[in-house]
Amino acid sequence: MNPHILTLFWLPFPLPKETKFETIFRCPEMNEQIKTCTLLRNQVAEAFKQPQNRDHPIVAIERYLPSLFGLAHSIKNNPLRLNHSLSIQWKVKTQRNQPTHGIESIDYEVAMILTAYAFALNNAAVDAANQLIRPDVQPTDESARSVIQFFRRAAGVFTWLADGPLAHWISLPATRPPEILADFARMMSLVCLGEAQLVAVLRARQKGTTHPNIARIALGAQMKFETAMHAMQSQHPQDWSELDAPLRESIAAATQHCRSIGLKHLGLALQETPGKIGEALGFLKASQDTLQGCHLKQIPEYFKRTIEMERDTTRASYDKLNKDNDLIYFERIVDAGRLSIPDGINMMECIAWQPPLPAFTDIK
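Because the structure is predicted, anything quoted here is derived from the model rather than measured.

## Brief notes about the nonpolar core
Inside soluble globular proteins, nonpolar side chains tend to come together where they are buried. Of all hydrophobic cores here, the largest spans 106 residues; its most connected members are Phe9, Leu65, Leu114, Tyr117 and Met187. Of the residues forming this core, the biggest block, 19 residues, is contributed by helix 4 (residues 106-132). Sequence-distant contacts of Leu114, defined by excluding residues within four places in its chain, comprise Leu65, Phe69, Val157, Trp160, Leu161 and Trp353. By size, the runner-up hydrophobic cluster in this structure holds 15 residues, among which are Ala215, Leu219, Leu270 and Ile277.

## Regarding the packing of helix 6 (residues 182-207) against helix 7 (residues 211-235)
Each pair of packed helices can be described by the angle between their axes along with the distance between the axes. The contact between helix 6 and helix 7 brings their axes to 8 Å, and the two run at 165 degrees. With respect to helix 7, the axis of helix 6 lies roughly antiparallel. Classified by chirality, the crossing of helix 7 by helix 6 is left-handed. Classifying every residue of the contact of helix 6 with helix 7 by side-chain character gives 16 nonpolar, 5 polar and 4 charged.

## Overview of the pairing of strand 2 (residues 88-91)
On strand 2, burial follows the alternation: Ile88 and Trp90 on one face are buried, whereas Gln89 and Lys91 on the facing-out side are not. Here strand 2 pairs with strand 3 (residues 100-103) via 4 bridges, running antiparallel. Note on strand 3: the bridge partner recorded for Ile88 is Ile103.

## A word on the sheet that holds strand 3
Strand order in the open sheet formed by 3 strands is 1-2-3, and the pairing between neighbours is antiparallel. Lying at the two open borders of the sheet, with one neighbouring strand each, are strand 1 (15-16) and strand 3. Along the sheet, helix 4 makes contact with strand 2 and strand 3, crossing strand 2 at roughly 30 degrees.

## Observations regarding the pattern of salt bridges
Taken as a whole and judged by the stated rule, the model has 17 salt bridges. For Asp141, the salt bridge identified is with Lys207, shortest N-O distance 3.2 Å. Taken together, the residues span a long stretch of sequence, with Asp141 in helix 5 (residues 141-163) and Lys207 in helix 6 at a distance of 66 residues. Two residues, Arg186 and Asp163, come together in a salt bridge whose shortest N-O distance is 3.9 Å. Taken together, the positions of Arg186 in helix 6 and Asp163 in helix 5 put the pair 23 residues apart, joining distant regions of the chain.

## Things to note about the packing of aromatic side chains
If you walk through the whole model with that rule in mind, you get 9 aromatic pairs. On the basis of an interplanar angle of 10 degrees and a centroid distance of 4.7 Å, the ring pair of Phe13 and Phe48 is categorised as stacked. Of this pair, Phe13 sits in the segment before strand 1 while Phe48 sits in helix 2 (residues 31-48), placing them 35 residues apart in sequence. We note that Phe13, like Phe48, is buried. Taken together, a centroid distance of 6.2 Å and an interplanar angle of 70 degrees make the contact between Phe69 and Trp160 edge-to-face. With Phe69 in helix 3 (residues 55-77) and Trp160 in helix 5, this residue pair connects regions lying 91 residues apart in the sequence.

## Overview of the side chain of Glu195
Here Glu195 lies in helix 6. Lys224 is the oppositely charged side chain nearest to the buried, salt-bridge-free Glu195, at an N-O distance of 12 Å. Aside from chain neighbours lying at most four places away, what touches Glu195 is Leu8, Phe9, Asn122, Val126, Phe151 and Phe225.

What counts, and at which threshold
- Residues numbered from 1 in each chain as written.
- Predicted model: local features only at pLDDT ≥ 70, side-chain atom pairs only at ≥ 80, totals over all residues.
- Heavy atoms only, no water.
- Core = buried A, V, L, I, M, F, W, Y, C linked by side-chain atoms within 4.5 Å.
- Buried < 20%, exposed > 50% of the residue type's maximum accessible area, 1.4 Å probe, protein only.
- Helix = DSSP H or I, 4+ residues; strand = E, 2+ residues; numbered from the N terminus.
- Contact = heavy atoms within 4.5 Å.
- Axes fitted to C-alpha atoms, helices over the stretch in contact; angles between N-to-C directions.
- Parallel < 35°, antiparallel > 145°, perpendicular 65-115°, else oblique.
- Left-handed = near helix turned anticlockwise from the far one by under 90°.
- Nonpolar A, V, L, I, M, F, W, Y, C, P; charged D, E, K, R; others polar.
- Pairing = 2+ DSSP bridges.
- Salt bridge = Lys/Arg side-chain N within 4 Å of Asp/Glu carboxyl O.
- Phe/Tyr/Trp six-rings, centres within 6.5 Å; stacked < 30°, edge-to-face > 60°.
- Lys, Arg positive; Asp, Glu negative; His and termini not counted.

Laid out in structure tokens, this is it:
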């Protein structure tokens, strides 16, 4: 068995269109602070164009947030200061055809920036996780813990968005990006927690943790992805259908991958127990069948390789045990519907995020 496989999400950054806040918000006494807000926003846009530097977007956004929260507070308290309508535009990459949406609300800027911030934390975790599976790197509990913390921080940002500004957005525009939906933020929070738990599965496999424990951790990750997917599908079916296909299919594939890992390790736990060989084969077959149901056409290439590798190693385990069964045990393979599958373990909760203090307060 090769345990060095993961299905993690590298999330594409949305791109802000140019905006000069100092031309929109009229306040001569605070003009320099407002110009700084525009400058920091431009630096965020530049950072998004350099995804190879995983820390750059995080740092750029963290510098921008205090000014943005100061501006948001001032605009809400002094709407008459606006010279003209506040049209914020972002090109989103989570929707089909990557449209540009313009919405007249500073909350839109907050939602998009914080979504991008959570994406950046998630992507930093994915990049760090890739180091855990390199053959020339010795993974440690501490390095795995660091990766998991990034995912949990990203989940915390999404949760703050879902329970904060997005929860109070009453009149949603008909044409909209998913980033302004509280249920999208909740979905992505669960996706990040599912990824964190997948890293725990990886580390458990690397350390030789018992098969039943690995199975329950994997099944817990499956629950995260499954809940994320179904919540968005049921609450916003139209918005779900308009999500970019690789994102939708990847969440579905991650759900099936986690279930497959869980079933596989339940089978491996029984493979040397006479009287349980038929049950072990049933689990291994169910694991293979789960991966056979994955739609691989529109998921990223690294996702495909991961699914295919898991499928190949599971098939090898099944074939070897089935051959032994034909020669030694002669047990009947248990049907999938008769297998007893334990509940998964929920190991991950988000790390709560709090917004920074505004760089400036009310403009009178």
